[in-house]
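The lines below spell out each chain.
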Amino acid sequence: MRTEPRAVGAAGARNPLSREVKLLGALLGQVIAEQGGPELLELVERCRLRSIAFRESGDEAVERALAADLDSLDADGAESLTNAFSLYFQLVNLAEERDTVRRLKRDQRTPGISREGSPGAAVGWLIERGWSGAQVAGLLGRMRITPVLTAHPTEARRRTMLTALRRCYRLLEQLDDPRLGPTDDAEIRRRLREEISILWRASAIRRLAPTPIDEVRTAMTFFDETLFRVVPRVYRAFDRELDGVGKDEGALTDERGAEVEAGDSAFAGDSAFAGDVGQTGTRPARVAAFLRWGSWIGGDRDGNPTVTAELTRQVPRIHADHLLHGYEAVATRLLATIAAYVPREAVQLILETRLARDAEELPETMRDVTRRYPDEPYRRRLGAIAERLRRTRAYLTEESGPIVGRYETPGQLVAEIEEMQRCLVVDRLPRVAYGEVQDFLWQVETFGFHLASLELRQHSEVHEAVVAALTRGGNGGVARPDLSVEAVPGVTAAEVLATFRAAWAIQRRFGEEACHRYIISFTRSSEDVLRVLDLVACAADPTIPAAATDGFGPGAPELDVVPLFESSDALTGCGELLEALLEDPRYRRHLAARGNRQEVMLGYSDSNKESGFLAAIWMLYRAQGRLADVARRHGVELTLFHGRGGAIGRGGGPTNRAILAQAPGSISGRFKMTEQGETVAANYANLAIAENHLGLMAGAVAVASTPEHDECGDEADRRGHAAMDELAELARRTYR
């Protein structure tokens, strides 16, 4: 922590990571000396060096000296020392994150080589096995990949701390610029000292337990910083890999919208076409939006009585506020960008009709943009889109403001963007149509107006107790007990019914996609699933007044009921349970209304704690195979939802390899997993790392959804099944 590197920047360093770690350590040391005094810095340095020496040599004398230093500290001294090392490691993590991005960029510059699991490697794997470009595009279009954000105590850092660390990262990023001069370097170091001083004085962890709304707003930090921007980059990466694979139609068109070859004299003239003609950004996108996002934050009430129905109702408002602000910013940026002059007599009829409707519904806005851009119809159209988005946000967030002319559904916005693309192509601007306008389209197709589907979760025993409280005498009649009495500690029947009514209220305002999954923790039997249908029916009962359920009126939400299997007994018997459920006439009617789609969640943490890592992983693998077989026999489309965490004991590990190791036939283009606690920051705080993470995930899902991969898995299963049974049983006995 003593010596500050003298060299300018990090771009020319033989080992940039080492230089950045030394720089951050030195700057932190300076801040510690300023804020805590030279004595604290001496203590920190002494403990650091002795820790290194003991780790390398195992010398007991060094260990005793280190222990003596630590034993001599009072509470304040111990806190200061802990803060010093905590901040040091967080800064080192930033340097390592920067080095990860550096390596990703270096790999991209290596011609002809695709990283393992990357979009290029996945598409190449398919092409090598005879897949055509159309088949690859079709596979990508069928995929549905759903990362689900969850709050978790493994992430204890405040939003303030996370935001400050991102500022430090951006400064660190500037040191990689080879054009950096001494003055620039000195300014970056000054600003780093300033940020580190703030980090030193700020409380690293919350003094009070975060509320669920605090956790929602923390998740929105990652949406604003990364998720909104990374989605089109992931799609673009796959679309780029389809360049030259099969025929790329629609790259260039004439004024009638007909395709023109590169050699056509009407286009070629005296100059050659650009080298990227027919590639992504000049042709219609061949990759459909395959990502969807979910969230448990503000919806997971299992063991958390602070998550109430009213709080759940607030979450989609926060989601919509951030999302619609993002859309509005995109529309406004495109308005400033697409300054294409089109004479009034040349404006296409479909565009002219749309502008006329805008003038009728948004008179003030259109008078302003028409005055400013009389011969730039695309700017006028984008001005109207931005205003409609403002009004949509006012409606969804229930804020004051005009709502006439708002979008009723995301599909309306999608249709307008696609319409604009067609007009731009006819006006000989395909690069604009399939560039940033396509990115905007991908964002809307992915996020809708809800950003992430809010998922509800409650324990099966809560449902059992509430149904028992509501049912009179076993004849199916509904009694009228005092709903405010707790059915189980901390949970009343009123709150359970209010949750279903809140989901119905959310669907009415935001659409079904905003909240339509209900997860049942510790599912033990098919009755646990059927009880949720009973409770939905009870929530719609008009004889139970809104006053009894926290002001939520009667209503039955459209729900996908998701059993969660966590224990070893549940995982072992999950196939039989699903079989019984799919044979139940009442449930099959419900499932038919939901498109014969069933989702099942598998819990990794509890199974690991109960049986040990190896036994739990093998148990989960076999459960996947059984569930897939049952769903296939009953003609049901199955999605497995993997409740993985970051640590190995919570199912953590390389996501792409974990996907490729799933049971054959269990993915079929559909993959869903939790992003828990600290893994949210690890995977989504940085744009490049988020793009790599999602690209690896999507590439693995594509490969794992092929018959060729299933054949390999079946062969490995046949050869290793008996050995794994034996190893898993031995591991379980040893663990227990």
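Residues numbered from 1 in each chain as written. Predicted model: local features only at pLDDT ≥ 70, side-chain atom pairs only at ≥ 80, totals over all residues. Heavy atoms only, no water.

A look at the overall build of the protein
Right, so step 1: The helix and strand tally for the protein stands at 29 helices and twelve strands.
Right, so step 2: Computed over the C-alpha atoms, the radius of gyration of the protein is 29 Å, within 12% of the 27 Å expected from 2.2 N^0.38 for a compact globule of 736 residues.
Right, so step 3: Across its three principal axes, the protein shows a C-alpha extent of roughly 90 × 85 × 60 Å.
Right, so step 4: Scored against the burial criterion, the 736 residues of the protein give a buried share of 53%.
Right, so step 5: Of all intrachain contacts in the protein linking residues separated by at least 6 positions in sequence, the fraction that spans at least 24 positions is 79%.
Right, so step 6: Of the roughly 32,600 Å² of accessible surface on the protein, a fraction of 52% belongs to carbon and sulfur atoms.
Right, so step 7: Each charge class in the protein can be summarised by its mean position, and for the 94 positive and 109 negative side chains these summaries are 2 Å apart. (Helix = DSSP H or I, 4+ residues; strand = E, 2+ residues; numbered from the N terminus. Rg over C-alpha atoms; globule rule 2.2 N^0.38 Å. Buried < 20%, exposed > 50% of the residue type's maximum accessible area, 1.4 Å probe, protein only. Contact = heavy atoms within 4.5 Å. Areas by Shrake-Rupley, 256 points an atom, 1.4 Å probe, with all protein chains shown as cover. Lys, Arg positive; Asp, Glu negative; His and termini not counted. Charge placed at Lys NZ, Arg CZ, Asp CG, Glu CD.)

Focus: empty space enclosed by the protein
Right, so step 1: Applying the stated criterion across every chain, the model contains five cavities of 30 Å³ or more.
Right, so step 2: Reported here for the largest cavity is a volume of approximately 60 Å³.
Right, so step 3: Lining the largest cavity, in full, are Leu-149, Ala-219, Met-220, Phe-223, Leu-227, Ser-295, His-319, Leu-451 and Ala-452.
Right, so step 4: By residue number, the principal contributor to the lining of the largest cavity is helix α9 (residues 212-241), which donates four residues.
Right, so step 5: Broken down by class, the residue content of the lining of the largest cavity amounts to seven nonpolar, two polar and no charged. (1 Å grid on protein atoms, 1.4 Å probe; cavity = no way out; pocket = protein on both sides within 12 Å on 5 of 7 lines; lining within 4 Å. Points joined across faces, edges and corners; volume = space filled by probe spheres on them. Nonpolar A, V, L, I, M, F, W, Y, C, P; charged D, E, K, R; others polar.)

Structural notes on the state of the cysteines
Right, so step 1: What the rule picks out here adds up to zero disulfides.
Right, so step 2: You can see Cys-515 has no disulfide; the closest cysteine sulfur is in Cys-538, sitting 18 Å from it. (Disulfide = S-S within 2.5 Å.)

Quick word on the pairing of strand β12 (residues 670-676)
Each regular strand carries side chains that alternate between the two faces of the sheet.
Right, so step 1: Burial runs high along β12: seven of the seven residues are buried.
Right, so step 2: Side chains of β12 alternate between two faces, with Arg-670, Lys-672, Thr-674 and Gln-676 and Phe-671, Met-673 and Glu-675 buried alike.
Right, so step 3: With seven bridges joining them, strand β1 (residues 144-150) and β12 adopt parallel strand pairing. Residue pairing for β12: Val-148 is matched across the bridge by Thr-674. (Pairing = 2+ DSSP bridges.)

Some details on the nonpolar core
Right, so step 1: Counting residues in each nonpolar core, the largest one holds 153 residues, and the members touching the most others are Phe-290, Trp-293, Tyr-327, Leu-389 and Leu-413.
Right, so step 2: When residues in this core are grouped by element, the largest group, 13 residues, is from α9.
Right, so step 3: By size, the runner-up hydrophobic cluster in this structure holds 39 residues, among which are Val-44, Val-92, Leu-94 and Trp-200. (Core = buried A, V, L, I, M, F, W, Y, C linked by side-chain atoms within 4.5 Å.)

Focus on helix α1 (residues 16-36)
Right, so step 1: With 21 residues, α1 extends 29 Å from end C-alpha to end C-alpha; this agrees with the ideal 30 Å at 1.5 Å per step.
Right, so step 2: The secondary structure elements touched by the buried residues of α1 are α2 (38-57), α4 (75-108), α7 (159-174) and α8 (182-201).
Right, so step 3: Just past α1, the residue Gly-37 takes up positive phi, approximately 95°. (Expected span 1.5 Å × (residues − 1).)

Describing the pattern of salt bridges
Right, so step 1: One pass over the full model with this rule turns up 70 salt bridges.
Right, so step 2: Asp-99 is the salt-bridge partner of Arg-103, the closest N and O atoms lying 3.6 Å from each other. Taken as a pair, Arg-103 and Asp-99 lie in helix α4 at a separation of four residues, close to a single helical turn.
Right, so step 3: Under the relative-accessibility criterion, Asp-99 is labelled buried at 14%.
Right, so step 4: One salt-bridge network, held together by shared partners, links Arg-354, Arg-357, Asp-358, Glu-361, Arg-381, Arg-388, Glu-416 and Glu-419. (Salt bridge = Lys/Arg side-chain N within 4 Å of Asp/Glu carboxyl O.)

Such coordinate-based values are descriptive only and should not be taken to indicate function.
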